[in-house]
Each structure stands twice: as C-alpha cells, then as structure tokens.
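Residue-level listing of the chains:
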Amino acid sequence: MQRKKAVVDAAIARADQDQGLLLVLTGNGKGKSSSAFGMMARALGHGMRIGVAQFVKGRSDTGEEIFFRRQPAVVWHVLGEGFTWKTQDLSRDTETGRRAWAVAREMLHDPSLGLIVLDELTYPLRHGWLELDTVLTDLSSRPSMQHVVITGRGAPTALCDAADTVTELRDIKHAFRAGIRAQRGIDL
Ligand code: ATP
Ligand code: MG
C-alpha cells in the first residue's frame with residue numbers, strides 16, 4: 001500500500017502541465033452525453049464560458065437543454081434544427097454537414113470559450129456527411145487552453161488518436177430493454 005501510494009504520488013508530481021484537452025466519449029453504453037454535461041457543470045462552477053453544439057437533435061424536452069439554456073455563460077446550438085440529416089441525398093446532407101461544422105468552427109476560434117461540447121459529432125462523421133480531416137484540422141488549431149468534449153457511438157480511430165482522453169462506455173444492461181421508457185432526470 002505504502003509503495004503504491006509513493007508511485008501514485010510521484011505520477012501526480014510529474015503531471016505538472018496545463019493544456020486544453022480533447023476528450024472523446026464513445027461506445028454503446030449509456031453515459032456519453034450526460035458525462036459531457038457533468039463537465040459543463042464543473043466548468044460553470046469555475047466561471048468558464050461554454051459552447052455546445054448538438055449535431056443530432058434526439059428530442060426537444062431534455063432537462064440539460066432547459067437547464068443550460070438558462071445559464072448566461074452557455075451558448076447552446078442545435079444543428080439538427082431547421083434541417084434534417086439523412087435526406088437520402090448525399091450532396092444535401094454534405095451541405096448540412098458543412099453548415100453545421102461552420103457553427104462549431106466559429107466556437108473553436110473563440111478563445112473566450114473554455115469548454116466546447118460537440119454532442120453526437122460522430123454521427124455525421126460516420127455517415128460521411130462531414131469530412132474527418134476538416135474536423136481534425138480545426139480541432140488542432142483551436143486556442144491552446146480550450147477543452148473540447150466529443151460524444152457519440154463509433155468514434156473514428158483517427159479522432160481517438162488525436163484525443164488526449166478517450167473513454168469507451170460499454171453497454172452491460174439498459175432499463176429500456178426491460179420495457180422501461182426514458183425517465184426524466186436520468187435519460188432526458
Ligand atoms: P446519456 O445522454 O444518457 O448520457 P448517451 O449519450 O450515452 O446517453 P445516446 O446514444 O446519446 O447515449 O442516447 C441517449 C438516450 O438513449 C438516453 O435516453 C439514454 O438513456 C438512451 N441510451 C443510451 N444508451 C443506450 C443503450 N445502450 N440502450 C438503450 N438506450 C440507451
Ligand atoms: Mg448522447
């Protein structure tokens with residue numbers, strides 16, 4: 001125990017750098033978006049300004065959207081609003097991807113935003129509606145102290161390679177499969 005503590009203490013002492021982090025939360029298990037929203041609460045507590053872009057609008061009545069839209073330090077963009085993905089027309093979906101990414105890019109150029117959440121970004125990436133290279137280029141040229149959290153299933157390998165912290169959430173069990181619908185405060 002003592003030896004273990006010494007090793008951990010030494011590792012903590014060695015980690016003395018500060019940097020804007022790129023985090024990827026992926027996998028089929030529940031907890032990707034809600035983890036990102038948890039980090040938003042932390043960042044708000046420290047007085048940081050936050051930008052959110054939701055690339056897929058699952059539903060309009062989520063508690064997080066209601067709560068965070070009330071926070072003056074949060075800008076919340078829904079990029080599925082006013083247009084839909086998957087029109088069965090690749091050129092239209094690519095145009096949607098381009099317009100959606102332009103909003104995210106603007107946030108990635110704003111050094112006053114300490115944290116940016118790109119929720120469900122993996123969805124347009126996986127379907128080829130958004131170029132991974134474009135995304136990686138803009139991520140790498142963002143302000144050096146800006147943190148970015150990306151969520152969504154099936155994160156591309158190159159995105160995980162570029163990230164500093166990657167977590168894969170594994171689905172062991174989900175109440176939905178027992179016939180329980182999405183519960184307020186837990187699922188939405
Ligand atoms: P959450 O927002 O709860 O953190 P998530 O971001 O990991 O979930 P999404 O794929 O974005 O997962 O799906 C969001 C919704 O789908 C939530 O209501 C969540 O409870 C539900 N969900 C997530 N994973 C599963 C699963 N493996 N099986 C069934 N429902 C799921
Ligand atoms: Mg999610």
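On a predicted model such as this, the values are computed, not experimentally measured, just so you know. By convention here, each chain's residues receive numbers from 1 onward along its written sequence. Following the order in which they are written, the chains are lettered starting with A and the ligands numbered starting with 1. Totals for whole chains, interfaces and linings use every residue, but because this is a predicted model, local features are given only for residues with pLDDT of at least 70 and side-chain atom pairs only at 80 or more, for both listing and counting. Note that water and hydrogens are dropped before the side-chain values are worked out from all heavy atoms of the structure.

A. Structural view of the site of ligand 1. Looking at ligand 1, there are 14 residues lining it, with Lys-30, Lys-32, Ser-34, Glu-120 and Asp-187 nearest. Per-residue and other accessible areas were derived by the Shrake-Rupley procedure at a 1.4 Å probe size, with only the shown protein chains allowed to occlude residues. Relative to its unbound accessible surface of 580 Å², ligand 1 loses 78% to contact with the protein. Residue classes follow a fixed rule: Ala, Val, Leu, Ile, Met, Phe, Trp, Tyr, Cys and Pro count as nonpolar, while Asp, Glu, Lys and Arg count as charged, and any other residue, Gly among them, counts as polar. Looking at the shell around ligand 1 residue by residue, the class counts come to one nonpolar, six polar and seven charged. We call a residue near a molecule or strand when any one of its heavy atoms sits within 4 Å of it.

B. Representation of the packing of aromatic side chains. Aromatic pairing here means that ring centres of Phe, Tyr or Trp (its six-membered ring) are within 6.5 Å. Orientation follows from the plane angle: under 30 degrees is stacked, over 60 is edge-to-face, and everything else is tilted. All chains considered together, the criterion is met by six aromatic pairs. Between Phe-68 and Trp-76 the ring centres are 6.2 Å apart and the planes differ by 15 degrees, which places this aromatic pair in the stacked class. Pairwise contacts between aromatic rings join Phe-37, Phe-67, Phe-68 and Trp-76 into one cluster.

C. Representation of the packing of helix H4 (residues 90-108) against helix H6 (residues 132-140) in the model. Where H4 contacts H6, the two axes come as close as 9 Å, and the packing angle between them is 15 degrees. The angle between H4 and H6 falls in the class roughly parallel. Read as a crossing pair, H4 and H6 show a hand that is right-handed. Facing Trp-101, Arg-105 and Leu-108 of H4, the residues of H6 in contact are Thr-134, Val-135, Asp-138 and Leu-139. Classifying every residue of the contact of H4 with H6 by side-chain character gives four nonpolar, one polar and two charged. Axes here refer to lines fitted to C-alpha atoms; in helices the fit is confined to the stretch in contact. Angles between the N-to-C directions go from 0 to 180 degrees. Counting from the N terminus, the helices are DSSP H or I runs at least four residues long and the strands are E runs at least two residues long. Angular relationships are summarised with four words: roughly parallel below 35 degrees, roughly antiparallel beyond 145, roughly perpendicular across 65 to 115, and oblique for the angles in between. With the far helix as reference, a near helix turned anticlockwise by less than a right angle produces a left-handed crossing, and one turned clockwise produces a right-handed crossing. Should any heavy atoms of two residues lie within 4.5 Å, those residues are counted as being in contact.

D. Quick look at unusual backbone geometry. Look at Glu-120: it is not a glycine, yet its phi comes out positive at around 65 degrees. Examined against the element boundaries, Glu-120 turns out to sit in the loop between strand S4 (113-119) and helix H5 (122-126). Buried, partly exposed and exposed residues are distinguished by accessible area as a fraction of the type maximum, computed with a 1.4 Å probe on protein chains only: under 20%, between the cut-offs, and over 50%, respectively. Owing to a relative accessible area of 26%, Glu-120 belongs among the partly exposed residues under this scheme.

E. Just helix H2 (residues 32-45), in detail. The end-to-end C-alpha distance of H2 is 21 Å, a good match for the 20 Å that 14 residues give at a rise of 1.5 Å each. All buried positions along H2 are accounted for by Lys-32, Ser-33, Ala-36, Phe-37, Met-40, Ala-43 and Leu-44. The buried residues of H2 all sit within an arc of 130 degrees when viewed along its axis, so they share a single face. What points out from H2, more than 90 degrees from its buried face, is the exposed set Arg-42 and Gly-45. Against the buried residues of H2 lie strand S1 (22-26), strand S2 (49-54), helix H3 (63-69), strand S3 (74-78), S4 and strand S5 (147-151). A positive backbone phi angle near 75 degrees is found at Gly-47, which sits one or two residues after H2. For a helix, the expected span equals 1.5 Å multiplied by the residue count minus one. What the arc covers is the set of directions going from the helix axis to the C-beta atoms.

F. Local environment of the nonpolar core. Residues belong to one nonpolar core when they are buried, are Ala, Val, Leu, Ile, Met, Phe, Trp, Tyr or Cys, and are joined through side-chain atoms within 4.5 Å. Judged by nonpolar contacts, the single largest core of 23 residues is most densely connected at Phe-55, Trp-101, Leu-118, Leu-121, Leu-139, Val-148 and Ile-150. When contributions to this core are tallied by element, the ones reaching two or more residues are S1, H4, S4, H6 and S5. Ranked by the residues each element gives to this core, the list is headed by H4, at five residues. Not counting chain neighbours up to four residues away, the residues in contact with Leu-121 comprise Phe-55, Trp-101, Leu-130, Val-135, Ile-150 and Thr-151.

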